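Okay, here's what each chain looks like letter by letter:
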Amino acid sequence: MSAVILAGGKSRRMGKDKRTLEWGGTTFLDKVCLTIGELFDEIIMVTAIEDYPCGHLPVRLVTDTIPQKGSLGGIFTGINEASFSSVFVVACDMPFLNPFVISRLCSLPENDVVMPKLSSGYQPLHARYSKRCSLIMEKMIQEGNLRIQSLIQDPSLSIQIVEEALFHDIDPHGYSFLNINTPADYEFARKAGPHLK
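Residues numbered from 1 in each chain as written. Predicted model: local features only at pLDDT ≥ 70, side-chain atom pairs only at ≥ 80, totals over all residues. Heavy atoms only, no water.

## Observations regarding the overall build of the chain
Item 1. Helix and strand counts for the chain come out as five helices and ten strands.
Item 2. For the chain, whose C-alpha radius of gyration is 16 Å, the value lies close to the compact-globule estimate of 16 Å for 197 residues.
Item 3. With the C-alpha coordinates aligned to their principal axes, the bounding extent of the chain is approximately 45 × 40 × 30 Å.
Item 4. Counting only residues that meet the buried cut, the chain has 51% of its 197 residues in that class.
Item 5. Long-range contacts, defined here as pairs at least 24 residues apart, represent 68% of the contacts in the chain between residues at least 6 apart.
Item 6. Taken as a whole, the chain presents about 9500 Å² of accessible surface, with 52% of it coming from carbon and sulfur. (Helix = DSSP H or I, 4+ residues; strand = E, 2+ residues; numbered from the N terminus. Rg over C-alpha atoms; globule rule 2.2 N^0.38 Å. Buried < 20%, exposed > 50% of the residue type's maximum accessible area, 1.4 Å probe, protein only. Contact = heavy atoms within 4.5 Å. Areas by Shrake-Rupley, 256 points an atom, 1.4 Å probe, with all protein chains shown as cover.)

## As for helix H2 (residues 70-81)
Item 1. Taking 1.5 Å of rise per residue, twelve residues should cover 16 Å, and H2 covers 17 Å from first to last C-alpha, within 8% of that figure.
Item 2. Every buried residue of H2 is listed here: Leu 72, Gly 73, Gly 74, Ile 75, Phe 76, Thr 77, Gly 78 and Ile 79.
Item 3. Here the buried face of H2 lies against strand E1 (2-6), strand E4 (42-47), strand E5 (60-63), strand E6 (86-91), strand E9 (126-130) and helix H4 (133-142). (Expected span 1.5 Å × (residues − 1).)

## Quick notes on the pattern of salt bridges
Item 1. Within the structure shown, the criterion is met by five salt bridges.
Item 2. Among the ionic pairs, Glu 81 bridges to Arg 60, the shortest N-O distance being 3.0 Å. Of the two residues, Glu 81 is situated in helix H2 and Arg 60 in strand E5; the sequence distance between them amounts to 21 residues.
Item 3. Judged by its relative accessible area of 33%, Glu 81 is partly exposed.
Item 4. A salt bridge links Arg 104 to Asp 169, with the shortest nitrogen-to-oxygen separation between them at 2.7 Å. On the criterion of sequence distance, the pair formed by Arg 104 in helix H3 (residues 99-106) and Asp 169 in the loop between strand E10 (159-163) and helix H5 (183-192) is long-range, its members being 65 residues apart.
Item 5. The class of Arg 104 is partly exposed, set by a relative accessible area of 26%.
Item 6. Where salt bridges share partners, they join Glu 42, Arg 60 and Glu 81 into one cluster. (Salt bridge = Lys/Arg side-chain N within 4 Å of Asp/Glu carboxyl O.)

## Looking at the packing of H2 against H4
Item 1. It is at 10 Å that the axes of H2 and H4 come closest, and there the two elements cross at 145 degrees. Where H2 crosses over H4, the two elements pack in a sense that is left-handed. Residues Leu 72, Gly 73, Ile 75, Phe 76, Ile 79 and Asn 80 of H2 form the contact with H4, whose own contacting residues are Cys 133, Ser 134, Met 137, Glu 138, Met 140 and Ile 141.
Item 2. Taken together, the residues of the contact of H2 with H4 break down into eight nonpolar, three polar and one charged. (Axes fitted to C-alpha atoms, helices over the stretch in contact; angles between N-to-C directions. Left-handed = near helix turned anticlockwise from the far one by under 90°. Nonpolar A, V, L, I, M, F, W, Y, C, P; charged D, E, K, R; others polar.)

## Some thoughts on H5
One full turn of an α-helix is made of 3.6 residues, so residues set three or four places apart face in the same direction.
Item 1. What H5 keeps buried is the set Tyr 186, Ala 189 and Ala 192. An end-on view of H5 places all buried positions within 135 degrees of arc, on one side of the element. The outward face of H5, more than 90 degrees from its buried face, is lined by the exposed residues Ala 184 and Lys 191.
Item 2. Buried residues in H5 make contact with strand E2 (22-23) and helix H1 (28-37). (Arc of directions from axis to C-beta.)

## Concerning unusual backbone geometry
Item 1. Residues other than glycine seldom take positive phi values, yet Gln 68 does so here, at roughly 60 degrees.
Item 2. Position of Gln 68 among the secondary structure elements: in the loop between E5 and H2.

Written out as structure tokens, the structure reads:
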């Protein structure tokens, strides 16, 4: 299985590049890459443009095949670049990624989409996709539908929705799915961080 890290967001709500925010002596993006690097043999980092130095990271950097198509465009690019038929996708702004949660998600039976659903909603940026999703994603992009969750409504794909109870024993508060979009989110994460170690 390959891993794809989406690192091409514009960070509008944060007001600065989220990838370079300080986290535990490194940056958000470096932390995500190093966490994922312990779990997968192939890690692909997708950015809008080649604007992040990653020679020190266990990743292969690629840029969006179809520019300006948001997270869906990033997943589409990553899936097409992946060597394996199944791909775990994660966003670069998730500082509490839990290797045990990822391993459990990735050990579930093979389906075209394996997507967690929390009380707060679906988690398309902490999910598994097969290469069979590529053609559907391309069609969605062409039609202007960039909503990743639309994939789970496609009858040609096999879908598994994973309830949050599956992870309660290893991540009871769901912190591994937390993404950081605003300065307030960042401050909350910084305060919560020491208590999660």
